[in-house]
Amino acid sequence: MRFQGKIIEWRDEQGFGFISQNGDYKRVFVHINNFAKRGRRPVLNDVVTYRLGTENGRECAQDVAYASMIGSVSHKPLGKDRGDSLWGWLASLYVSVAVVSVVIGSLPWNFLGYLAAINLLSYFAYAIDKKAAQKAAWRTPEARLHLFDLMGGWPAGLFAQKRLRHKSGKSSFQTMYKITVLLHLMGVVWLFSSYGSAARALLMSGA
């Protein structure tokens with residue numbers, strides 16, 4: 001069953017807001033990722049239709065569509081495109097290559113420990129920021145999230161974005177996230193080149 005309502009609060013930076021259902025004073029939570037069709041970002045007083053669902057034990061609006069766009073082309077969930085698959089594939093490849101490199105002796109075992117630690121740190125940083133956003137509490141600076149990604153925690157950062165539905169709909173954050181990933185990968189390539197041989201030898205000496 002679909003309902004119709006109006007967006008009465010929208011926090012664009014956090015990517016969420018609330019809908020007031022027509023004929024009811026009830027506020028329904030809505031996240032940017034719950035919009036069923038790509039297009040412009042929501043603004044106050046947008047009239048939308050939606051289904052009621054539950055996420056993380058909380059009632060929320062799902063399959064949300066602008067009332068003026070009902071009957072248009074088929075819906076496609078935000079964030080579910082070829083680009084997302086490419087970055088997910090890249091993250092899986094990166095982790096796999098790192099594990100294989102450690103197993104065959106190209107990298108020390110302590111590197112694997114570092115990679116696990118920085119990715120756990122990155123995921124929890126995203127999770128803490130997500131919870132703070134929901135409670136309108138003190139936020140984790142985006143620069144800190146990007147720093148964890150740059151240091152090698154970007155696979156967990158990507159996982160957190162998709163699983164927690166956090167920062168995945170903010171274009172400026174996504175642009176900077178991709179830049180940090182590319183910078184990190186460039187650093188890895190440099191490390192295994194002739195130019196990074198001294199740094200690589202230093203790293204191996206700590207094994």
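Attention here is on the structure that accompanies the text. Numbering of residues starts from 1 in each chain and follows the order in which that chain's sequence is written. With the structure being a predicted model, the display of local features is reserved for residues of pLDDT at least 70 and the display and counting of side-chain atom pairs for 80 or more, all residues being used for whole-chain, interface and lining totals. With hydrogens and water stripped out, all remaining heavy atoms of the structure feed into the side-chain values.

**Quick look at the overall build of the protein**
Keep this limit in mind: Secondary structure elements are taken from DSSP: a helix is a run of H or I of four residues or more, a strand is a run of E of two residues or more, and numbering for both begins at the N terminus. Only protein chains enter the accessibility calculation, which uses a 1.4 Å probe. A residue is then buried if its area is under 20% of the maximum for its type, exposed if over 50%, and partly exposed in between. In this description, contact between two residues means that some pair of their heavy atoms is separated by no more than 4.5 Å. Note on areas: Shrake-Rupley, 1.4 Å probe, and residue coverage restricted to the protein chains presented here.
Each helix and strand in the protein was counted, giving five helices and five strands. Listing the helices and strands of the protein from first to last along the sequence gives β-β-β-β-β-α-α-α-α-α. The 207 residues of the protein split such that 40% are buried. Considering only intrachain contacts with a sequence separation of at least 6, the fraction spanning at least 24 residues in the protein is 60%. Accessible area for the protein stands at about 11,700 Å²; split by element, carbon and sulfur atoms hold 64% of it.

**Some remarks on the pairing of strand S4 (residues 47-55)**
What counts, and what does not: Whether two strands pair depends on DSSP finding at least two bridges between them.
Relative to S4, strand S1 (residues 2-11) is paired through five bridges, and the arrangement is antiparallel. Residue pairing across strands places Lys6 opposite Val47, the latter belonging to S4. The pairing of S4 with strand S5 (residues 58-66) spans seven bridges and is antiparallel. Its bridge partner lying in S5, Leu52 is registered against Ala61. Between S4 and S5, which pair antiparallel and follow one another directly, the connecting turn spans two residues, one of which, Asn56, has a positive phi of 55 degrees.

**Re a nonpolar patch on the surface**
Which entries qualify depends on this criterion: Here a patch means residues that are over 30% exposed by relative accessible area and free of salt bridges, tied together within 9 Å if like-charged and within 5 Å if nonpolar (Val, Leu, Ile, Met, Phe, Trp, Tyr). Salt bridges are defined as contacts in which a side-chain nitrogen from Lys or Arg sits within 4 Å of a carboxyl oxygen from Asp or Glu.
There is a patch of nonpolar side chains on the surface, built from Tyr114, Leu147, Leu150, Met151, Met176, Ile179, Leu183 and Met186 and spanning about 690 Å² of accessible area. If you list the elements that add at least two residues to the nonpolar patch, you get helix H3 (142-163) and helix H4 (171-191). Among the elements that line the nonpolar patch, the one with the most residues is H4, at four residues. As for its placement among the helices and strands, Ile179 is situated in helix H4. The exposure class of Ile179 is partly exposed, given its relative accessible area of 37%.

**Considering the nonpolar core**
Going by this rule: Side-chain atoms within 4.5 Å are what join buried Ala, Val, Leu, Ile, Met, Phe, Trp, Tyr and Cys residues into a set we call a nonpolar core.
Counting residues in each nonpolar core, the largest one holds 22 residues, and the members touching the most others are Phe111, Tyr126, Trp154 and Tyr177. Within the residue set of this core, elements represented by two or more residues are helix H1 (82-103), helix H2 (109-134), H3 and H4. Beyond its immediate chain neighbours, meaning those up to four positions away, Tyr177 contacts Tyr126, His146, Asp149, Trp154, Leu158 and Gln161. Among the nonpolar cores identified, the runner-up in size contains 13 residues, and Trp10, Val28, Val30 and Tyr66 belong to it.

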